[in-house]
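One-letter residues, chain by chain:
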Amino acid sequence: MAKSDVIVVSELTKKYCGQVALNAVSFSMKKGSVIGLIGPNGAGKSSILKILAGIITGTSGDVIINGCSVAENVMWAKQYVSFMPENNPLPDHLRVGEYLRFRAELKGIPMRKIRQSAEKVMRQCDLYYEARYRMIKTLSKGYRQRVGIADAMLGNSEIVILDEPTIGLDPHQIIGVRKIIDANKGTRTILLSSHILSELETVCDNFIIINRGRIVATGSLDELSNNVKGENIFCARIGGDEQTIRENFQGVQIIEFKRSSCNEEYVIKFEAAKEAYRFLLSKISNNRELFVKKIGHMEYSLEEVFLNSTRRCRDQDNADDS
Amino acid sequence: MKKFYTLLKYEIYKLMVSPATYVVASIFTLSIGGIFTFLLHDYIKFAQDVPLVQMFCRCFWLPTCMVVPLLSMRSFSEEYKCGTFQNLFSSPVTYTEVVLAKFFATYGMFIFLWLCSLSMFLAVESRSESIVRELAFASPFNAGGGLLFIAITGLLFIAIGIFASSLTENQIVSCMVTFFILLTLFIGGQFLADRSQITNLSLYGTYQESLNIFSQLDNFCNGVFDTRIVVFYLSTCILTLCFSTVVVQKKLN
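Within chain B, the regular secondary structure consists of twelve helices and zero strands. For chain B, the sequential pattern of α-helices and β-strands runs α-α-α-α-α-α-α-α-α-α-α-α. Counting all 253 residues of chain B, 39% fall into the buried class. Pairs at least 24 residues apart make up 81% of the contacts formed inside chain B by residues separated by at least 6 positions.

Set out below in structure tokens:
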């Protein structure tokens, strides 16, 4: 365990009536980092988040927050963690301001600072002028999400856990949430779970990909891409005649050959050994009929990394089963 | 303890702003108003060997059976259904604090409703002739003892309601479970007491007192303050609340 690790999860297992939801999950989070937790439905994301928030307990394994085991001292750990659950359930009979003040009281914020803290988060989440006095039951989905985020940001919790915070929000509101997360980057450790991968890609430093209760990949997007791509997989965007391009690519194994969306160039995904790649590079750069726009190692988006990782895990499971 | 007061305030507020609470209060007022009017007419027409207040307290089972399930059914069932429990338990509060806050808020409302029923006696007191007053109230022990007994038994009844609510997310099921448990307590205790008298079974002898709610009520109304009964209701209330805490904990996990 490194000194800067604020959360350390080791060999965490959770079973619901004998059904394994989490299977020996281990990871750690550095102070001030923003981590995205990704996984298909039923992968165990919400279970991890609830265990970290101290709402439920793991069947075995341990979660250590700031050097203290959550299982041994839940109340102590809860002071460090703020949690916004999935679907953000809120009591309908309260006004936004009342609810946030109630939550602040429960979180142990001193009485003289409650009003101030509630107003601060309401301003941060654009609730102060428009929704402060409104009943929660009359709020739109977007406003409700903002109330949930404001609740999670209340007080000085070191760790903020947000389960699907941008679900149901319009693009303006998503940018608003992104700004809130960015403003807290470095001071708070934020763990985000979302299915909007492009959104996570922009805000998160690191990612944890989980499938069927197991972690299948962790790290930054670059690290995850490196794991997914083979060292010999390359991608090129080349302009010119198709026949000439194909002639030049003889000797390497083409995985995919297609026209780009703007029809101006060809996108070629291919596999080649280092020597063959160097030879190909010199061959096409000397060819005046071809215009090389880009060539290099394959770059993956988070979505591709996610799909690849989960597919690999599924294939492995199927192979084990058979 | 500070968290408990915060939760208690929240629960009381929740009860106060809920239209359902006012419906329950109306049902309660109508039922005890009806009972009181009926008894008063009866009392004026025919000679009675017990004061009016004691006769009124003997009928407490009917409004209790109606009001306790309706008041307590929402406490946990609604939270389960809406999912607001996750929010609540993400903050540093214990299961016991939450259960106790819900219990005391509901119990407070139950007691408040019964205290409101005193207004009917105050009306009789201020409007009737002195002889009627004397016959109706006999002594302060009758009214005080009766209400004290209702308050003591209320602890267990509300705890049962909270427990039933902690079992399910369906409010109707919770309401029915509470209603049938309460009815069993009222009728079952009386039935066992009668049976032991008829069959002369000494087996029930010792427990007869703690099972027959109506004979306990008569004792209280006559000024006999039996601490065994207080301990019985208090301990069973605590036990039921402990069960509720365990159920809530299990439900979340």
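A few words now on the domain arrangement of chain A. For chain A, the domain assignment lists domain 1 (5–226) and domain 2 (230–297). The gap between the C-alpha centroids of domain 1 of chain A and domain 2 of chain A is 44 Å.

The partner chain B presents 18 residues to the 20 residues of chain A that form the contact. Looking at the side of chain A that touches chain B, the elements with two or more residues in it are helix 2 (74–78) and helix 3 (96–106) of chain A. Here the element with the most residues in the side of chain A that touches chain B is helix 3 of chain A; it accounts for four residues. Looking at the side of chain A that touches chain B, its residues break down into eleven nonpolar, five polar and four charged.

What follows covers the sheet that holds strand 1 (residues 5–16) of chain A. All names here are of chain A. The antiparallel open sheet is built from four strands, whose spatial order is 2-1-4-5. Of all strands in the sheet, those with a lone pairing partner are strand 2 (19–30) and strand 5 (68–69), marking the two edges. Examined bridge by bridge, strand 1 and strand 4 (residues 60–65) share five bridges and lie antiparallel to one another. Across the sheet, serine 10 pairs through a bridge with aspartate 62, a residue of strand 4.

Residue and element names in this part refer to chain A. Taken in spatial order, the four strands make up an open sheet running 12-13-11-14, and their pairing is antiparallel. Edge positions in the open sheet fall to strand 12 (253–259) and strand 14 (291–297), since each of these has one partner strand only. With strand direction ignored, the average angle separating the axes of adjacent strands in the sheet is 15°. Alignment of strand 11 (residues 233–239) against strand 14, held across six bridges, turns out to be antiparallel. Among the inter-strand pairings, alanine 236 is bridged to a residue of strand 14, identified as isoleucine 295.

Thresholds applied
By convention here, each chain's residues receive numbers from 1 onward along its written sequence. The naming scheme follows written order: chains are lettered A onward, ligands numbered 1 onward. For this predicted model, a pLDDT threshold of at least 70 governs which residues receive local features, and a threshold of 80 or more governs which side-chain atom pairs are given and counted, while totals over whole chains, interfaces and linings are taken from all residues. Numbered from the N terminus, helices here are DSSP runs of H or I no shorter than four residues, and strands are runs of E no shorter than two. Note on burial: count the other C-beta atoms lying within 10 Å of the residue's C-beta; 20 or more is buried, 12 or fewer is exposed, in between is partly exposed, and C-beta positions come from the backbone. By the criterion used throughout, residues are in contact when their C-beta atoms, derived from the backbone, lie within 7 Å. The split of the chain into domains comes from an automatic or database domain assignment. Note on residue classes: Ala, Val, Leu, Ile, Met, Phe, Trp, Tyr, Cys and Pro are nonpolar, Asp, Glu, Lys and Arg are charged, and everything else, Gly too, is polar. DSSP-based pairing: two strands are paired if at least 2 bridges between them are found. Here an angle of 0 to 180 degrees is reported between the N-to-C directions of two axes, which are lines fitted to C-alpha atoms, with helices fitted over the stretch in contact.

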